[in-house]
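Reading the structure
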Amino acid sequence: MEDYLRRNFDIQHKRPSEEALLKWRSAVSIVKNARRRFRMVADLTKRTESQRKRENFQEKIRVALYVQKAALQFIDAGNRTEFRLSDEVKQAGFRIEPGELESICRSHDINSLDFKGGVEGLAKKVSVSLNDGVVSSDVPVRQRIYGCNKYAEKPSSSFWMFVWEALHDLTLIILMVCAAVSIGVGIATEGWPSGMYDGLGIVLCIFLVVLVTAVSDYRQSLQFKELDKEKKNIILQVTRDGNRQKISIHDLVVGDIVHLSIGDQVPADGVLISGYSLSIDESSLSGESEPVSITNRKPFLLAGTKVQDGSGKMLVTTVGMRTEWGRLMVTLSEDGDDETPLQVKLNGVATVIGKIGLAFAVLTFLVLTTRFLVTKGMEGEIGKWSLEDALVLLNFFAIAVTIIVVAVPEGLPLAVTLSLAFAMKKLMNDKALVRHLSACETMGSATCICTDKTGTLTTNHMVVHKFWTCGEIRTVHSNGDLDGFKSSVSETVLNILLQSIFQNTGSEVVKGKDGKNTILGSPTEKAILEFGLNLGGDFKVHRKESEILKVEPFNSVKKRMSVLVSVPDKGFRAFCKGASEIILSMCRNIMNADGKVVALSDDQRRCISGVINDFADDALRTLCVAFKDVQNVSTSDSIPEDNYTLVAVVGIKDPVRPGVKEAVKTCLAAGIKVRMVTGDNIHTAKAIARECGILTDDGLAIEGPDIRDKSPLEMAELVPRLQVMARSLPLDKHTLVTHLRKQFKEVVAVTGDGTNDAPALHEADIGLAMGITGTEVAKENADVIIMDDNFTTIVNVARWGRAVYINIQKFVQFQLTVNIVALMLNFASACISGSAPLTAVQLLWVNMIMDSLGALALATEPPHDGLMKRPPIGRNENFITRIMWRNILGQSIYQLVILAILNFDGKRLLNLSGSNATDTLNTFIFNTFVFCQVFNEINSRDMEKINVIRGIFGSRLFIMVMVSTVAFQIVIVEFLGTFADTVPLSTELWLASILAGAGSLIMAVIVKCIPVGIGKEAAAITKHHDGYEPLPSGPDLA
């Protein structure tokens, strides 16, 4: 079976090929309800059509932009079509129509913008201050006049739509027809109402199956809708009520002042207010890969585009469906997610078992019909036919169809969806947002996690702990320590240091509603600004002292931030800060305590390098701050890159997060190797890595530049020992991930937060973006968003990934056991006695136990600690393992033996006599069969350990399903006998049924003690290239 599945039902978990997707679809057969089974499968035809629509739409936007830009240069703004101001807009206090705003921005009409008075004039027309932003109380009015920032979505399916979908099951439709015929024939032969009971029983059971199926599917759809809503929720920084604050993208209104930085998505159409080196990637909207520079003469920003470089502020002019992005989003919503590898594999399992089930159903019908005809012939009545005979044949047909209902495990692929939906919901509560379904599965196979340091392994709550300036090291314990520093240096040194801090920053100090200072920006910037404030600096005062002319924002390639300002009466000054060794190499001078600039000698350079290394060895993040006075500057000149004067070396403390060391230990025990990839100094990286337990005595820590020129042979020797990579560029991270995946066949999870991390996140098996510090570009390329930026959360995702895989294996083991027993029992009984012991109604109830209810019970079990004490699931490991086959065959043999004995010698063993002895025996067999499944469901909670009761009360859903199953079984046997062909049982027979079912628990203990050899695939991963040996498994761990 595994070879067949690999040939036809094997797809990549990320970006599967069109050929593989088409191949498995064509291989699927025996589908009872295509609408339900393939609901979570992407429609390739619609996807292709959607992609074509998108490309056409992008082409129209691109052409329109270029044509309009060209045409508008020759049209005088005063001669354009005038928009009449409606009374509604006037009464609301605005002086521009929504359509006119939309037209100006969409057509990039700079002449009309100038005619309106530029961005200031536009701001007046939408009644907003460019300094204070929108007044919160005006938001509802603005939404009413200019619209909400939400896009049209397909309406979600109602509960009744899921009921209608469940009714499309072909076998259920056939059974409904059979039930209708049965009712008609029954009434004609037996009269009213006794003639209708058999058919009505089938109808009621179908109703119950449809209801349970629809409720389960509807709950899943609500979970996915909630997750989808969370995925689309982007948090923005805006100025409102005079304060800078965070809001949801859905709450954005026309007139809002939005702050943009590298990696952000432009949330709506708008106009630039101010910015530095702002460069926009419009490829998502127009298909153009060339970035667009945004300036005062090209100020238009379009929703859905990405900030590639620089920073800026924009005035929102158009939101929601009035933007081109809003129109494009309508076509994007039709794409659909790719199916996961496990869903595809289980479609294959369902196909194989369905074919076997169909063959058995046909054989059972033929055997029953043949025996009936032979008996009729032997009695000489072959030529005499009555409605009762037709009813018997109809009943045989109904049983055969019901066998198909039971045998075709339609619920297998859907159980994956149920399990993934449950896991994703739980993970969202645990601060992990899964963007792609397959990532949840794949994380269970992860063998390596390449993690960032800052914010993931550390708390991201940074403070300046030590600093060096004017030849002295000072430790900051309190503000009193800074008072001593201020008195020991000249005013010139202090002023230059404060200018370096407050002028060269991408963050802001703003007053909150409570009147207290709040620092907005990255944790590193916050720490430095807080240090400046504690030195007695004032953010606004120092910013007003000079005008900022040019800004080069920090990025992970240059590892520095530079700014050029004009200084009154002194010309121009450049400030630079960033990675210590990079800034130090740019410096030729140093400031002494008197504020004089002196040449930097080689001895001083070595001394400062020693200071940087000492700071780093104390696990401090080090930065250098420098400046340079510039005489003449032209607009085309870039900010200088050499001959700077060193002002200070700053050591920032960022403690390791609580629980990280234990989480790393858990990963190592689970066969997951943790590697730190950071842009920090190698000494800082090694200190933190040792504290976390990542760097061991025999491990290797290297810098990014050292890995770039290595040959494939050198990489093969180096990578297995590599535990820390410092001073790395995003390209280095991408190179490492590629080597691990392709050369070592690792399943790699990688974290990232910056725009430049996008290629590595895209390349990795599982891309993990940071929710707090991550840019929108990083999140868009990730599979999972870690909302709290915590490494412990990543380990929790791996735990749930393993739980999903194991839970589906449990469910498959349980369902295959029921399939084998139901098929063999009915077929053998039909061949030997000429009747089936389980009726259509009873088989439908069994099908619901093993399908919908079984999936709810087993596919939603929470993870336990034991999951992280076994090796990762191999890429090519058999899904149905030898351990599962051992359990399936052991339980099947036990149940078949018990039920066969009861079927052929039950009356004598149970001492049954009288007119209803046969009915009582059949009811007892049905009852025993159901209790065998109930106890086997408990057995399936753990495929290897003997103690299957441990943790059972921690899974409320499992307990609820068990209680519901038993309660409804009592109702069916004791009260619904007319419809279900059962009779009430005595207390002794109930007890005997339960004991016979409970015997499967003892059988499970015996079976689990039978040793099982490992297959070739499992043997291949027993020796990991990192030297990891998997932990022992089996009954010895019980």
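Before reading on, note that the structure itself is shown above.
Note that the structure is a prediction, hence the values are computed from the model and not measured. Position labels on residues start from 1 in each chain and follow its written sequence. Only residues with pLDDT of 70 or above have their local features reported here, since the model is predicted, and side-chain atom pairs are shown and tallied only from 80 upward, although totals for entire chains, interfaces and linings are computed over all residues. Think of the side-chain values as coming from all heavy atoms in the structure, minus any hydrogens and water.

**Some words on the pairing of strand S23 (residues 722-726)**
Under the scheme applied here, a residue whose accessible area is under 20% of the maximum for its type counts as buried, over 50% as exposed, and between as partly exposed, the area being computed with a 1.4 Å probe on protein chains only. Secondary structure elements follow DSSP: runs of H or I no shorter than four residues count as helices, runs of E no shorter than two count as strands, and numbering proceeds from the N terminus. Among the 5 residues of S23, 5 are classified as buried, and the element is accordingly described as predominantly covered. Note on pairing: two strands pair once DSSP finds at least 2 bridges between them. Relative to S23, strand S21 (residues 673-677) runs parallel, the two sharing 2 bridges. Paired with Val-677 across the strands is Met-725, a residue of S23. Judged from the 4 bridges that link them, strand S22 (residues 700-703) and S23 form a sheet pairing that is parallel. Its bridge partner lying in S23, Ala-701 is registered against Val-724.

**Considerations on the pattern of salt bridges**
It is possible for side chains bearing opposite charge to pair when their charged atoms get close. Think of a salt bridge as a Lys or Arg side-chain nitrogen and an Asp or Glu carboxyl oxygen that are within 4 Å of each other. According to the stated counting rule, one finds 31 salt bridges in the structure shown. As a salt-bridge pair, Lys-453 and Asp-680 come within 2.9 Å of each other at their nearest N and O atoms. Taken together, the positions of Lys-453 in the loop between strand S9 (448-451) and strand S10 (463-469) and Asp-680 in the loop between S21 and helix H26 (682-692) put the pair 227 residues apart, joining distant regions of the chain. Grouping residues by exposure puts Lys-453 and Asp-680 together as buried. Measuring nitrogen to oxygen at the nearest pair gives 3.5 Å for the salt bridge that ties Glu-552 to Lys-558. Through salt bridges with shared partners, one network takes in Glu-102, Arg-106, Arg-322 and Glu-324.

**Things to note about the environment of Ala-599**
The residue Ala-599 is located in strand S18 (residues 597-599) in this model. When its relative accessible area of 59% is taken as the criterion, Ala-599 is described as exposed. What Ala-599 contacts, discounting residues up to four positions off in sequence, is Arg-588, Asn-589, Ile-590 and Gln-604. Contact definition: two residues touch when any of their heavy atoms are within 4.5 Å.

**Looking at the packing of aromatic side chains**
Any two of the Phe, Tyr and Trp rings considered here, Trp counted by its six-membered ring, make a pair once their centres fall within 6.5 Å; the pair's planes then place it as stacked at under 30 degrees, edge-to-face at over 60, or tilted in between. Scanning the entire structure with this criterion turns up 12 aromatic pairs. When the ring of Tyr-805 is compared with that of Phe-879, the centres are 5.5 Å apart and the planes differ by 80 degrees; the resulting orientation is edge-to-face. Of this pair, Tyr-805 sits in helix H32 (residues 791-832) while Phe-879 sits in the loop between helix H33 (840-858) and helix H34 (882-909), and the two are 74 residues apart along the sequence. Of the residues examined, Phe-879 reaches a relative accessible area of 0% and is grouped as buried. Members of the aromatic cluster, joined through ring pairs, are Phe-159, Trp-160, Phe-162 and Tyr-218.

**So, the side chain of Arg-941**
If you trace the backbone, Arg-941 turns up in the loop between helix H35 (917-939) and helix H36 (956-975). Taking relative accessible area as the criterion, Arg-941 reaches 9% and is therefore assigned buried. Beyond its immediate stretch of four places on either side in the chain, Arg-941 contacts Lys-810, Leu-858, Glu-861, Val-948, Ile-949, Arg-950, Gly-951, Ile-952 and Phe-958.

**Considering helix H20 (residues 491-503)**
Its 13 residues give H20 an end-to-end C-alpha distance of 17 Å, which sits within 8% of 18 Å, the value for a rise of 1.5 Å per residue. Counted residue by residue, H20 has 10 buried out of 13 residues, so it is predominantly covered. Buried residues of H20: Val-493, Leu-494, Ile-496, Leu-497, Leu-498, Gln-499, Ser-500, Ile-501, Phe-502 and Gln-503, and no others. Each residue after the first adds 1.5 Å to the expected span of a helix.

**A closer look at the packing of H35 against H36**
Inter-axis angles, ranging from 0 to 180 degrees, are taken between N-to-C directions of lines fitted to C-alpha atoms, where helices are fitted over the stretch in contact. At a minimum axis separation of 11 Å, H35 and H36 run at an interaxial angle of 180 degrees. Taken together, the axes of H35 and H36 are roughly antiparallel relative to one another. Contacts between H35 and H36 involve Thr-923, Phe-926, Asn-927, Val-930, Phe-931, Val-934, Glu-937 and Ile-938 on the former and, on the latter, Phe-958, Val-961, Met-962, Thr-965, Val-966, Gln-969, Ile-972 and Val-973. Residue polarity follows a fixed list, in which Ala, Val, Leu, Ile, Met, Phe, Trp, Tyr, Cys and Pro are nonpolar, Asp, Glu, Lys and Arg are charged, and the others, Gly among them, are polar. Partitioning the contact of H35 with H36 into residue classes produces 11 nonpolar, 4 polar and 1 charged. When describing relative orientation, an angle under 35 degrees is termed roughly parallel and one over 145 degrees roughly antiparallel, while 65 to 115 degrees is termed roughly perpendicular and anything else oblique.

**Regarding unusual backbone geometry**
The phi dihedral of Ser-277 falls on the positive side, at around 50 degrees, and the residue is not glycine. With respect to the secondary-structure elements, Ser-277 resides in strand S4 (residues 269-281). In this structure, Asn-460 takes a positive phi of about 70 degrees despite not being glycine. By secondary structure assignment, the location of Asn-460 is in the loop between S9 and S10. Taking relative accessible area as the criterion, Asn-460 reaches 12% and is therefore assigned buried.

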